[in-house]
Amino acid sequence: MSHLLPLSRVAKLVGQPRHALQEMIRFGTLATFDGMIELDELLRAFPEVTWDDDAEFRRVSEIKDKAFAKRVRERALPDKDVLVARLNELGDEYAAAKALLLHYGNVMAWLDEKIDEFDEDASAETHHALHSVRAFLLRNLAEMPPEAALAQAVIAQERILRIMSAHVTIQPSGHEFFVEGNDTLLEAALRNGISLNYGCSNGNCGDCKARVVSGEVKKVHAHDYVLKPAEKDAGMVLLCSYAPVNDVVIEANVAGARDIPVQQLVAKVKSVEVFNPQIAALHILAPRSQRLRFLGGQNIQIGFGGASGRYAIASCPCEDRHIEVHIPRRFGDAFADALFAKLSANDSVDLEGPYGEFVLDEDSPRPVIFLAFGAGFAPIKSLIQHAMSLELAESMDLHWLADAAGHYQDNLCRAWADALDNFNYVPHAPSDDLEALLESVVLDYPDLHRFDVYAAGTAAQLERARAQFVRAGLPGERWFADPMDA
Ligand code: FES
């Protein structure tokens, strides 16, 4: 029987994003069988991959971890019960394969005897044929062909992946992700930018209830919330308390911008990062017991010592408790004044949100242009990181049209461009002639009708940009914008 692998696991094995493989399938350079990839096909399509050396895979992972600031990602082993269950499963597979091999060995011994039997009364011609068959069998059994050795290396790599991680599919949305280390299903979904429903994240509220459609899960954290017997019978579990043993399919709702309720919480300042006198980043840590649910591109109200303001979130929902907000220094903004003058680590700030509907269209397969005007980089950064964690877009181009604050996170954008084949970064210096600048941007896209455009800046900047893009062929409904001064 041939060895079949799911697309997501193949993407991990060959170190390519899923959308790159989907592209190959679309163009017919990678064949699938019932949505799965055959081992022979994998070896044919990726002859250059070194299966027994994961140095390159590790190198790319390290660059990506640094570039995407995944501070919370741990390369930990799975929970011990999960690990034991996975090893047991692997042991069963090994035992079955060994039994099959023994059976084949017996068949071979029987065949050998039969050849001897037939040979006794055989003519010279039959004797020669039998001799050739025996020699052929012995030669091929004695040494493994190079393709089989390669297949063995791929299977070994895939088995390690299956011990270290499990693949999850969410129905009906079709989102997919891997659970790695000792993450629960909920933690892994959030790290991958998937906004599942949840509340307390520690087994008290029941908001993360979901149904296991197939596969096996294990409870890794005790929970106080009591599931009714009928719910248990229906396969319901709490996503914040369970981890997958093997590949699973879960039925759960993925929230859109309108589904996430406005939350209020008190959080701690982790640090204030002053980029230059015009703009600073506020790094906030939400409490373990009450994280902030939001989608990339949304904004929050922050209050401190009587001053408050609404600002775009610059971090990805996949960064767990960490929230980053960029705050430009504007005349009359008391909160920005407090930030530059006296806010420091461990101060408490009041958060309320999320607000806004400037979020990714996760159903769109189109390439994306991100257009950031000045501090409009904040929501754009959040969207880019969210899109990266979801591996959504076929390609992403970031145009950052700087104001006096400059490209204050230029290194980060360059790191993204270095780490990803499908990401391009084009910084634009401040200009007095916005019209000419926008014209030079759209000139690079003679096929604008294929794209989605996400833009953030002042209402006046966005109005002019929209007019240029639509004039150059962008369908009006593919323009998504967030006016920062609305
Ligand atoms: S999020 Fe509250 S029980 Fe899981």
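Residues numbered from 1 in each chain as written. Predicted model: local features only at pLDDT ≥ 70, side-chain atom pairs only at ≥ 80, totals over all residues. Heavy atoms only, no water.

Draft legend 1. Expanded view of the overall build of the protein. Tallying secondary structure elements over the protein gives 14 helices and 20 strands in all. Taking the principal axes of the C-alpha coordinates as reference, the protein spans close to 105 × 55 × 35 Å. Looking at the 486 residues of the protein, the share that counts as buried comes to 46%. Taking all contacts inside the protein whose residues are at least 6 apart in sequence as the whole, residues at least 24 apart take part in 72%. Mean positive and mean negative side-chain charge positions of the protein (47 and 72 charges, respectively) differ by 7 Å. (Helix = DSSP H or I, 4+ residues; strand = E, 2+ residues; numbered from the N terminus. Buried < 20%, exposed > 50% of the residue type's maximum accessible area, 1.4 Å probe, protein only. Contact = heavy atoms within 4.5 Å. Lys, Arg positive; Asp, Glu negative; His and termini not counted. Charge placed at Lys NZ, Arg CZ, Asp CG, Glu CD.)

Draft legend 2. Just empty space enclosed by the protein, in detail. Applying the stated criterion across every chain yields a total of 4 cavities of 30 Å³ or more. Its boundaries defined by the atoms lining it, the largest cavity holds a volume of some 120 Å³. Taken together, Leu190, Gly193, Ile194, Ser195, Tyr198, Arg291, Leu292, Arg293, Phe294, Pro317 and Asp320 make up the lining of the largest cavity. A breakdown of the residues in the lining of the largest cavity according to their chemical character gives 6 nonpolar, 2 polar and 3 charged. Residues lining the lining of the largest cavity come from more than one domain, with at least three contributed by each of domain 3 (164-256) and domain 4 (258-355). Taken as a whole, the second largest cavity holds about 70 Å³ of empty space. If you go around the second largest cavity, the residues you meet are Leu360, Asp361, Ser364, Arg366, Val368, Ala387, Leu392, Ala393, Asp452 and Tyr454. Class assignment for the residues of the lining of the second largest cavity results in 6 nonpolar, 1 polar and 3 charged. (1 Å grid on protein atoms, 1.4 Å probe; cavity = no way out; pocket = protein on both sides within 12 Å on 5 of 7 lines; lining within 4 Å. Points joined across faces, edges and corners; volume = space filled by probe spheres on them. Nonpolar A, V, L, I, M, F, W, Y, C, P; charged D, E, K, R; others polar. Domains from an automatic or database assignment.)

Draft legend 3. A look at the pairing of strand β18 (residues 423-428). Sheet topology places strand β17 (residues 396-401) next to β18; 6 bridges connect them, and they run parallel. In the sheet register, tryptophan 400 faces β18, and the bridge partner there is proline 427. Regarding the hand of the β-α-β motif, the stretch spanning β17, helix α12 (residues 410-419) and β18 is right-handed. (Pairing = 2+ DSSP bridges. Right-handed = clockwise from strand over helix to strand, strands pointing away.)

Draft legend 4. Summary view of the sheet that holds strand β14 (residues 322-328). Spatial strand order, β13-β12-β15-β10-β11-β14: 6 strands in an open sheet with antiparallel pairing. This sheet does not close on itself; its edge strands, each paired only once, are β13 (307-312) and β14. The average undirected angle you get between the axes of adjacent strands in this sheet is 35°. Bridge analysis of strand β10 (residues 263-276) against strand β15 (residues 348-355) gives 6 bridges, and the strand direction is antiparallel. The partner of alanine 267 across the bridge, within β15, is valine 349. Packed on one face of the sheet, helix α10 (residues 334-341) meets β10, β11 (279-285), β12 (299-304), β13 and β14 and runs near 95° to β13. Helix α11 (residues 377-390) rests against β13 and β14 of the sheet, and its axis sits at about 155° to β14. (Axes fitted to C-alpha atoms, helices over the stretch in contact; angles between N-to-C directions.)

Draft legend 5. Spatial organisation of the sheet that holds strand β4 (residues 176-180). With mixed pairing, the 5 strands of this open sheet are ordered in space as β4-β3-β9-β5-β7. Each edge of the sheet is formed by a strand with only one pairing partner; in this case those strands are β4 and β7 (236-238). For this sheet, the mean angle separating the axes of adjacent strands, direction not counted, is 40°. Sheet topology note: the strand β5 (residues 209-214)/β7 ladder contains 3 bridges and is antiparallel. Each residue of the ladder has a partner; that of lysine 209, found in β7, is leucine 238.

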